[in-house]
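As a plain string of letters, each chain reads:
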Amino acid sequence: MQPADLWQQWEQLMHVESLQDALLLPIARVIAAGVLSALLLLLLIVRPQTQAATNTPKQREQRGYTRAEVAQHTAEDDLWLIIRHKTTGKLQVYDVTTYVEHHPGGDAIFSNAGADCTVGFRGPQHPPTVEDLVEEYCIGWVEDA
Ligand code: HEM
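Being a predicted model, the structure only gives us computed values, none of them experimental. (Residues numbered from 1 in each chain as written. Predicted model: local features only at pLDDT ≥ 70, side-chain atom pairs only at ≥ 80, totals over all residues. Heavy atoms only, no water.)

K.L.:
Would you explain the side chain of His73 in this entry?
P.N.:
One can find His73 in the loop between α4 (67–70) and β2 (74–75). Each residue touching His73, except ones within four places of it in the same chain, is listed here: Asp78, Leu79, Trp80 and Gly114. (Helix = DSSP H or I, 4+ residues; strand = E, 2+ residues; numbered from the N terminus. Contact = heavy atoms within 4.5 Å.)

K.L.:
What's the story with the site of the ligand in this structure? I'm lost.
P.N.:
Around the ligand, a shell composed of 17 residues is seen, among which Tyr99, His103, Ala108, Gln125 and His126 lie nearest. At 2.8 Å, a side-chain N or O of His103 approaches a nitrogen atom of the ligand. Within the side chain of His126, an N or O atom sits 2.7 Å from a nitrogen atom of the ligand. Secondary structure elements with two or more residues in the shell around the ligand: α5 (118–121) and α6 (129–135). Split into classes, the residues belonging to the shell around the ligand amount to 11 nonpolar, six polar and no charged. (Near = heavy atom within 4 Å. Polar contact = N/O pair within 3.5 Å; in protein donor to acceptor, adjacent residues only side chain to side chain. Nonpolar A, V, L, I, M, F, W, Y, C, P; charged D, E, K, R; others polar.)

K.L.:
I'm lost on the coordination of the iron atom of the ligand in this one. Help?
P.N.:
When a metal holds four donors in a tetrahedron, each ideal angle between them is 109.5 degrees; when it holds six in an octahedron, the ideal angles are 90 or 180 degrees. Surrounding the iron atom of the ligand are the protein donor atoms His103 (NE2) and His126 (NE2), which sit 2.0 Å from the metal. One can describe the donor arrangement at the iron atom of the ligand as octahedral, given that its six donor atoms subtend angles of 86 to 179° at the metal. One end of the pair, His103, is in the loop between β4 (91–95) and α5; the other, His126, is in the loop between α5 and α6, with 23 residues separating them in the sequence. Judged by its relative accessible area of 13%, His103 falls in the buried class. (Donors = N, O, S within 2.8 Å, 3.2 Å for Na, K, Ca; no water. Tetrahedral: all angles 85-135°; square planar, octahedral: opposite > 155°, others 65-115°. Buried < 20%, exposed > 50% of the residue type's maximum accessible area, 1.4 Å probe, protein only.)

K.L.:
Would you mind going over the domain arrangement of the chain with me for this structure?
P.N.:
Under the domain assignment, the chain is made up of domain 1 (3–54) and domain 2 (57–142). Each of domain 1 and domain 2 has a C-alpha centre, and these two points are 46 Å apart. (Domains from an automatic or database assignment.)

K.L.:
Can you help me understand the pairing of strand β3 (residues 78–84) in this one?
P.N.:
The two faces of the sheet receive side chains in turn, since in a regular strand these alternate between them. Across the seven residues that make up β3, a large majority, five, are buried. In this structure, the hairpin formed by β2 and β3 is closed by a connection of two residues. Taken together, the five bridges between β3 and β4 define a ladder with antiparallel strand orientation. Among the inter-strand pairings, Leu81 is bridged to a residue of β4, identified as Tyr94. (Pairing = 2+ DSSP bridges.)

K.L.:
Can you walk me through the packing of aromatic side chains in this structure?
P.N.:
If you walk through the whole model with that rule in mind, you get two aromatic pairs. Note on Tyr65 and Trp80: the rings are 5.1 Å apart at their centroids and 75° apart in plane angle, and the pair reads as edge-to-face. With Tyr65 in strand β1 (residues 63–65) and Trp80 in strand β3, this pair connects stretches of sequence that are 15 residues apart. The class of Tyr65 is buried, set by a relative accessible area of 4%. Look at Trp80 and you get buried, because its relative accessible area is 7%. An angle of 55° between the planes, with centres 5.6 Å apart, marks the rings of Tyr99 and Tyr137 as tilted. Remark: Tyr137 occurs in the loop between α6 and β5 (138–142) and Tyr99 occurs in the loop between β4 and α5; sequence separation between them is 38 residues. (Phe/Tyr/Trp six-rings, centres within 6.5 Å; stacked < 30°, edge-to-face > 60°.)

Here it is as structure tokens:
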């Protein structure tokens, strides 16, 4: 197709009266296919992130864990922490694996990985809202506290 043809089709497209007429023009079909592909691509990129953000461990059944069991989870793709709950004083277990890559404090989240990190967690770097955020990752409590 020559640039002149393209221009002619573009001019025609600008003067069509209905969507059906527009879709008779090849240029309109190319534009429509492009827009649909872009939307599909956007959906594929955005959806997994939304799922990661909403599929937090809180939805799992809560249970008790031994400290030894928690200590098995110290890797970037499998990170558990113990934090003493601010109001109940109970030692809780948190699976923060899906949060690690979003942590604004980077690798600091690994200090005391698989163990009690209450002191580090309650440092001045964390605003009070972090207390609510972390509860989304609670999977239970320490049974041999
Ligand atoms: C051992 C445990 C942790 C340590 C030592 C730690 C350390 C830090 C540090 C040093 C920062 C400051 C980053 C900066 O301003 O440059 C930070 C920020 C932050 N951390 Fe953690 N973190 C820990 C666990 C967590 C957990 C479990 C969560 C939530 C699930 C969390 C949520 C946040 C948030 C939301 C901020 C940003 C605070 C703001 O608004 O400025 N952290 N953390």
